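Summary of the model geometry
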Amino acid sequence: MSKQISLRFESRLGAPPAHIWRWITSVEGIATELRPVLRMTTPRRVQSIEDLAVQPGKRLFRSYVFLLGVLPIDFSDMTLLEIEPGRGFVEQSPMGSMKLWRHVRRILPCADQPGMHRLVDELTFQPRWMAPMVGWFIRRVFLHRHRVLRAHLDGGQN
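In this report, we go over the structure that sits alongside the text. (Residues numbered from 1 in each chain as written. Predicted model: local features only at pLDDT ≥ 70, side-chain atom pairs only at ≥ 80, totals over all residues. Heavy atoms only, no water.)

This part covers the overall build of the chain. The helix and strand inventory of the chain stands at three helices and seven strands. Helices and strands in the chain line up, N terminus first, as β-α-α-β-β-β-β-β-β-α. Compactness check: the chain gives a C-alpha radius of gyration of 15 Å against a globular reference of 15 Å for 158 residues, within 12% of the reference. Oriented by its inertia axes, the alpha-carbon framework of the chain measures out at about 45 × 35 × 30 Å. Here the chain holds 158 residues, and the buried ones make up 45% of them. Here the contacts in the chain between residues at least 6 apart in sequence split such that 55% fall between residues at least 24 apart. (Helix = DSSP H or I, 4+ residues; strand = E, 2+ residues; numbered from the N terminus. Rg over C-alpha atoms; globule rule 2.2 N^0.38 Å. Buried < 20%, exposed > 50% of the residue type's maximum accessible area, 1.4 Å probe, protein only. Contact = heavy atoms within 4.5 Å.)

So, in C-alpha cells, the structure goes:
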C-alpha cells in the first residue's frame, strides 16, 4: 500500500489579494496554470468557482484530466470542504488515481513585504499505484503552476 505524500509550494505575488483570488478561482486561471501539461474539463456554464452553489463536502462536478491536453488519464469529482472568499479553499476530491487528494490553497499577507502576498499550496495525496512516479509528477506540475502564477501575477521573489 502506498503512503501519503505531502508537498508544499509557496509564491510571493505582487498582485492585490482580490486579483489573486479571481485568478485562482477562475477556469481560465487554473487552465493557464496547468497548460500545456494538463487540461481539466469543467461544465460549460462554469467560468469560476464563484459560479457554483458550493455546499461543503458535496461534489460540484466531475472533471476529466488530460495529459498534454489530449490523453485522458484521470477524473476528479471536484469537491470543496471549505471556501473562504478572498482567502482560500480546501479541496478534497475523490479521484480515479488517488485514494486521497487534498489541496489547500491560501492567500496570505507577507509580513516582511507590505503589498506582497503569499499563495500557498499544501497537498496531501495517496496514489493508488506508482507512488514515487506520481509524487514526482505532481511535484513537477505544481512547480510549473507556481512559475506561471509568478509570471502572470507580478511575482517578485519566491
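Structure shown, so let's carry the discussion forward.
Here we take up the packing of helix 2 (residues 27–34) against helix 3 (residues 131–152). Where helix 2 meets helix 3, the axes come as close as 8 Å, and the angle between the chain directions of the two elements is 120 degrees. Taken together, the axes of helix 2 and helix 3 lie oblique to each other. Seen from helix 2, the contacting residues are Ile-30, Thr-32, Glu-33 and Leu-34; seen from helix 3, they are Val-141, His-144, Arg-145, Val-148, Leu-149 and His-152. Taken together, the residues of the contact of helix 2 with helix 3 sort by class into five nonpolar, three polar and two charged. (Axes fitted to C-alpha atoms, helices over the stretch in contact; angles between N-to-C directions. Parallel < 35°, antiparallel > 145°, perpendicular 65-115°, else oblique. Nonpolar A, V, L, I, M, F, W, Y, C, P; charged D, E, K, R; others polar.)

The tally for this structure, following the rule as stated, stands at 12 salt bridges. A salt bridge links Glu-33 to Arg-105; the shortest N-O distance between them is 2.9 Å. Note that Glu-33 is positioned in helix 2 and Arg-105 in strand 6 (residues 98–109), a separation of 72 residues in sequence. Exposure remark for Glu-33: the relative accessible area of 0% places this residue in the buried category. (Salt bridge = Lys/Arg side-chain N within 4 Å of Asp/Glu carboxyl O.)

Direction vectors running N to C along helix 1 (residues 17–25) and helix 2 enclose 75 degrees, while the axes themselves pass 4 Å from each other. Of the possible angle classes, the one that applies to helix 1 and helix 2 is roughly perpendicular. Across the interface between the two elements, Trp-23, Ile-24 and Thr-25 from helix 1 touch Val-27, Gly-29, Ile-30, Thr-32 and Glu-33 from helix 2. Looking at side-chain class alone, the contact of helix 1 with helix 2 contains four nonpolar, three polar and one charged residues.

In this model helix 3 runs 31 Å from its N-terminal to its C-terminal C-alpha over 22 residues, within 8% of the 32 Å that 1.5 Å per residue would give. Regarding helix 3, the residues found buried are Ala-131, Val-134, Gly-135, Ile-138, Val-141, Phe-142, His-144, Arg-145, His-146, Val-148 and Leu-149. Turning to helix 3, the residues buried within the fold contact strand 1 (5–13), helix 1, helix 2, strand 2 (38–40), strand 6 and strand 7 (117–127). The positive-phi residue at the C-terminal boundary of helix 3 is Asp-154, with phi of around 55 degrees. (Expected span 1.5 Å × (residues − 1).)

In short, geometric facts, not functional conclusions.
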